[in-house]
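A structural walkthrough
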Amino acid sequence: MNQPLPPPLAALLETGNISHAAQMVGMSRSSAHRLRDRLAGTGFDRCWANALALHAARLSDPLAPNRRHKGPIGR
């Protein structure tokens, strides 16, 4: 069963920038990092890392189609 990404992770996947993603969802950068620290080792933590990796992969291949993510990114 695919669940939607929590808003901070969806924003992180979209922006690739922790500060911008946090701001998009009404959090500070430090609050976002504290949330990740609190959830270390969980699916949230793995999705955070995968969101950054997927964003970087998109940037490294400018000819790749720009698709919005629609499923889990690494639970």
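Coordinates for the structure precede this section.
Thresholds applied
Residues numbered from 1 in each chain as written. Predicted model: local features only at pLDDT ≥ 70, side-chain atom pairs only at ≥ 80, totals over all residues. Heavy atoms only, no water. Helix = DSSP H or I, 4+ residues; strand = E, 2+ residues; numbered from the N terminus. Buried < 20%, exposed > 50% of the residue type's maximum accessible area, 1.4 Å probe, protein only. Contact = heavy atoms within 4.5 Å. Areas by Shrake-Rupley, 256 points an atom, 1.4 Å probe, with all protein chains shown as cover.

1. Considering the overall build of the protein chain
Within the protein chain, the secondary structure is distributed over four helices and zero strands. In the protein chain, the order of α-helices and β-strands from amino to carboxyl end is α-α-α-α. Counting the 75 residues in the protein chain, one finds 24% classified as buried. In the protein chain, 51% of the contacts between residues at least 6 apart in sequence involve partners at least 24 apart. Of the roughly 5,000 Å² of accessible surface on the protein chain, 54% is carried by carbon and sulfur atoms.

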